[in-house]
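Report on the structure
This is what each chain is made of:
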Amino acid sequence: MRVLLFSSQHYDQESFTQAAGDCALALHFQPARLTLDTVALAEGFEVVCPFINDDLNAQVLERLAAGGTRLIALRSAGYNHVDLAAAQRLGLAVVRVPAYSPHAVAEHAAALVLALNRRLHRAYNRTRDGDFTLHGLTGFDLHGKTVGVIGTGQIGLAFARIMAGFGCQLLAYDPYPNPEMLALGARYVQLPDLLGQARIISLHCPLTAHTRHLINAQSLGQLQPGAMLINTGRGALVDTPALVDALKSGQLGYLGLDVYEEEAQLFFEDRSDLPLQDDVLARLLTFPNVIVTAHQAFLTREALAAIAATTLDNIVRWAAGNPHNLVDG
Ligand code: NAD
């Protein structure tokens, strides 16, 4: 069975080749992103394996189905980039990797907290330039501070455990409280209470119609002045232009983004020779209290190995008529 992996990078090739061993799947690695312009590349592939910034809108899915594709094997947990109603109508099965390493993402969120608080990005540049002064580098003790976790599934829980290790107090917001969060000492509160009380807020909920722009001008106005916001969830959880205003006024004191609403055209590519056309991102990158990483929170050896193993297992099981990890519309 032929499998086409869109948006594949050298690390995908390594992890999938290693996980495949001598299994009968013929893996084809395609660096291009899946869009209406590139969908023709999938002609004749029964299985297509997209990543998070591939575009699986109704038109693309129609072209895939017409070209013989029958399975969309997502190599991600999130599936907000797939038109599930269209997939169902076209008879395309969709499977995903519900969990690979929650620690990978949670640890990256914690890395953003630490780097922003202790200004490691500024200190790194400063000492390399022979400047050994400390002005502007004052941080705060994490111990005793209140951390708000929005979305307390696998990743939110792993992040909360790390922050509890620093001696932080935990507030949580999730329509489905997690008993393991309660066991950690977290208190579930309404969203405005979390926003108003937490010094650090980290987003770990999925992107849905309910969570799109959950953080906007109004909710940013509810924060404690100088609060820290971390988003390793999905870019559109946040209304990004509103962040610029909150940073300019000082209402937002620190911002760590691993995801960006308009990332699909930018992330995973080397664009260092080109003028940045995205004015909102360009403005964000001018603030000394902002760190942007290019959707790398998942990128650990353990996570890559688990993504490859589960994706291949999903394909093999689907081919055997015993589908697993199906995404239902
Ligand atoms: P999960 O399903 O285990 O947990 C998600 C939690 O969010 C659930 O407890 C759910 O009840 C909660 N939730 C749903 N709607 C909510 C709402 N309106 N408000 C608050 N909470 C809500 O998922 P997970 O594995 O913890 O992953 C969380 C998200 O992280 C994924 O959906 C994905 O978007 C993102 N993610 C990012 C990366 C990255 O590399 N940056 C990697 C993996 C996952």
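Residues numbered from 1 in each chain as written. Predicted model: local features only at pLDDT ≥ 70, side-chain atom pairs only at ≥ 80, totals over all residues. Heavy atoms only, no water.

**What to know about the packing of helix 4 (residues 102-117) against helix 6 (residues 154-165)**
Two measures define how a pair of helices packs: the angle their axes make with one another and the distance between the axes. Interaxial distance between helix 4 and helix 6 falls to 8 Å at its minimum, and their mutual angle equals 45 degrees. The angle between the axes of helix 4 and helix 6 places the two elements in the oblique class. The two elements helix 4 and helix 6 meet at a crossing, and its hand is right-handed. Contacts between helix 4 and helix 6 involve Pro102, His103, Val105, Ala106, Glu107, Ala109, Ala110 and Val113 on the former and, on the latter, Gln154, Ile155, Ala158, Phe159, Ile162 and Met163. When its residues are assigned to classes, the contact of helix 4 with helix 6 shows 11 nonpolar, 2 polar and 1 charged. (Axes fitted to C-alpha atoms, helices over the stretch in contact; angles between N-to-C directions. Helix = DSSP H or I, 4+ residues; strand = E, 2+ residues; numbered from the N terminus. Parallel < 35°, antiparallel > 145°, perpendicular 65-115°, else oblique. Left-handed = near helix turned anticlockwise from the far one by under 90°. Contact = heavy atoms within 4.5 Å. Nonpolar A, V, L, I, M, F, W, Y, C, P; charged D, E, K, R; others polar.)

**Here we look at the site of the ligand**
With respect to spatial proximity, 22 residues lie near the ligand, and among them Tyr100, Gln154, Ile155, Asp174 and Thr232 are the closest. Here an oxygen atom of the ligand sits 3.2 Å away from a polar atom, N or O, in the main chain of phenylalanine 298. When the free accessible area of the ligand is taken as 870 Å², the share hidden by the protein chains comes to 83%. Along the lines of polarity and charge, the residues of the shell around the ligand split into 10 nonpolar, 9 polar and 3 charged. (Near = heavy atom within 4 Å. Polar contact = N/O pair within 3.5 Å; in protein donor to acceptor, adjacent residues only side chain to side chain. Areas by Shrake-Rupley, 256 points an atom, 1.4 Å probe, with all protein chains shown as cover.)

**Digging into the packing of aromatic side chains**
Tallied over the full model, the rule gives 3 aromatic pairs. With centroids separated by 5.9 Å and ring planes inclined at 70 degrees, the aromatic side chains of phenylalanine 140 and tyrosine 254 adopt a geometry described as edge-to-face. Of this pair, phenylalanine 140 sits in the loop between helix 5 (120-128) and strand 6 (146-150) while tyrosine 254 sits in strand 11 (residues 252-257), and the two are 114 residues apart along the sequence. Of the two residues, phenylalanine 140 and tyrosine 254, neither departs from the other in class, the shared state being buried. Aromatic ring contacts, followed pair by pair, group Phe51, Phe268 and Phe298 into a single cluster. Positioned over the ring face of phenylalanine 45 is arginine 2, at 4.0 Å from the centre of the ring. (Phe/Tyr/Trp six-rings, centres within 6.5 Å; stacked < 30°, edge-to-face > 60°. Buried < 20%, exposed > 50% of the residue type's maximum accessible area, 1.4 Å probe, protein only. Lys NZ or Arg CZ within 6 Å of the ring centre and 35° of its normal.)

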